[in-house]
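# Structural description and commentary
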Amino acid sequence: MTIPPERLDQIANRFAEIEARMASGQLEGEEFVQASRDYAELEPVAKLALELKAARGEVAGLQEMLADPEMRGMAEEELEALNQRIPEIEQQLAVAMLPRDSADAKPAMLEIRAGTGGDEAALFAGDLYRMYERFAGEQGWKVEPVSMSASEVGGFKEIVAHVTGTGVFAKLKFESGVHRVQRVPETESGGRIHTSAATVAVLPEPDEVDVQIDAGDLKIDTYRASGAGGQHVNTTDSAIRITHLPTGLVVTCQDGRSQHKNREQAMQVLRARLYEQQRDAAQGAEAEARKAMVGSGDRSERIRTYNYPQGRVTDHRIGLTLQKLPQIIAGPGLGELIDALIAEDEAKRLAAMNE
């Protein structure tokens, strides 16, 4: 993909303008925050644009040197290296210039629910949660459980967690969907392989300004929590159920030690779900196009199979199979799958832009 010189100048000039505004010392409050965001977003693009511009300038100079018999050999060698490097820079710059999802930099709500498979599905949901928790640790992210419903045999019927850090949604957004596991359950005496499933949803967490919620649209109920948690949880009306009347969305939270904390966490989850509804409605045709890329992320869509007997993980959207199940389920190995999904998405979007 050849990027015209005038486009490189536009990028460089825009970056220089933002740099000058920030260095002026005249920006305050929201203006400074917005300029900082613009700077962080444009900096990697500007660096590549300047590198490409410099490389093209070197090519022009080396071509003039070809006329000098004494310099010709060196010039040809350097030209060959540059002619290989320039397409690489252009490709990197084209990817960096792709329109970004406005939610990519946001924290996320991670929701995992046991699907078909009974107790084994709940155990698998627990395995997935620990996989994401360890992967998050590798990324320097923080994972904080918001609500959970533990299974009697271990694992979770459902768990919702708040994940914060740099680029959380950008890396986790393609994890939404049905995850399938094939393995011999611990309770299976005959050694037969069972197939179970769990659903994963990754929702970007909006800022309060992104989603306005009218207090009059909420029905808030308090009740006595049930399940594990000790005497306090079971003897006080600390659990919260919030119903958003216009949409019918219902969120419950009972794991905090206070009604105030549970209400705050329930509102976080509600805001994320409403934001996701707004994004789906706004994206429309873009959402349909994404299905043709690496999948829609819809929870009804089977996206990945974890086959324990064969030690393999297959992502069905991009047809990638890795014989690395232990490393992936342990957390750190998940990065290879996520990077492959992101690269496929970028390649498909680049191809669509060039059509």
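Report follows, based on the coordinates.

Analysis parameters
Residues numbered from 1 in each chain as written. Predicted model: local features only at pLDDT ≥ 70, side-chain atom pairs only at ≥ 80, totals over all residues. Heavy atoms only, no water. Phe/Tyr/Trp six-rings, centres within 6.5 Å; stacked < 30°, edge-to-face > 60°. Helix = DSSP H or I, 4+ residues; strand = E, 2+ residues; numbered from the N terminus. Lys NZ or Arg CZ within 6 Å of the ring centre and 35° of its normal. 1 Å grid on protein atoms, 1.4 Å probe; cavity = no way out; pocket = protein on both sides within 12 Å on 5 of 7 lines; lining within 4 Å. Points joined across faces, edges and corners; volume = space filled by probe spheres on them. Nonpolar A, V, L, I, M, F, W, Y, C, P; charged D, E, K, R; others polar. Salt bridge = Lys/Arg side-chain N within 4 Å of Asp/Glu carboxyl O. Buried < 20%, exposed > 50% of the residue type's maximum accessible area, 1.4 Å probe, protein only. Axes fitted to C-alpha atoms, helices over the stretch in contact; angles between N-to-C directions. Parallel < 35°, antiparallel > 145°, perpendicular 65-115°, else oblique. Left-handed = near helix turned anticlockwise from the far one by under 90°.

### Looking at the packing of aromatic side chains
Within this structure, the stated rule accounts for four aromatic pairs. An angle of 70° between the planes, with centres 5.5 Å apart, marks the rings of Phe 124 and Tyr 306 as edge-to-face. Of the two residues, Phe 124 sits in helix α4 (residues 119-139) while Tyr 306 sits in strand β9 (residues 302-307), which places them 182 residues apart along the sequence. Here the basic side chain of Arg 183 rests over the ring of Tyr 308, its NZ or CZ set 4.9 Å away from the ring centre. For Arg 241, the ring lying beneath its charged end belongs to Tyr 223, and the centroid distance is 4.6 Å.

### A few points about the layout of surface pockets
If you roll a probe as big as a water molecule over the atoms, it shows you where there is empty space left. Each pocket or cavity is described by its volume, and for the largest pocket that value is around 1,100 Å³. Lining of the largest pocket is provided by 33 residues; of these, Glu 41, Arg 100, Asp 101, Asp 104 and Ala 105 occupy positions nearest its centre. Where the lining of the largest pocket is concerned, the elements lending two or more residues are α1 (5-23), α2 (29-65) and α10 (334-354). Take the lining of the largest pocket: its biggest share by element is eight residues, from α2. Across the lining of the largest pocket, the residue classes tally to 15 nonpolar, three polar and 15 charged.

### Re the pattern of salt bridges
Pairing between side chains becomes possible if they bear opposite charge and their charged atoms approach one another. Taken as a whole, this structure holds 22 salt bridges when the rule is applied. Notably, a salt bridge pairs Lys 261 with Glu 144, separated by 4.0 Å at the nearest N-O pair. Of this pair, Lys 261 sits in helix α7 (residues 259-283) while Glu 144 is found in strand β2 (residues 142-150), placing the two residues 117 residues apart along the sequence. With a relative accessible area of 31%, Glu 144 lands in the partly exposed category.

### With respect to the packing of α2 against helix α3 (residues 72-96)
For any two helices packed against each other, one specifies the inter-axial angle together with the distance between the axes. Packing of α2 against α3 leaves a shortest axis separation of 9 Å and a crossing angle of 155°. As judged from the angle between their axes, α2 and α3 are roughly antiparallel. As for how α2 packs across α3, the hand of that crossing is left-handed. In terms of residue class, the contact of α2 with α3 is made up of 16 nonpolar, three polar and seven charged.

The values reported here are purely geometric and, on their own, carry no functional implication.
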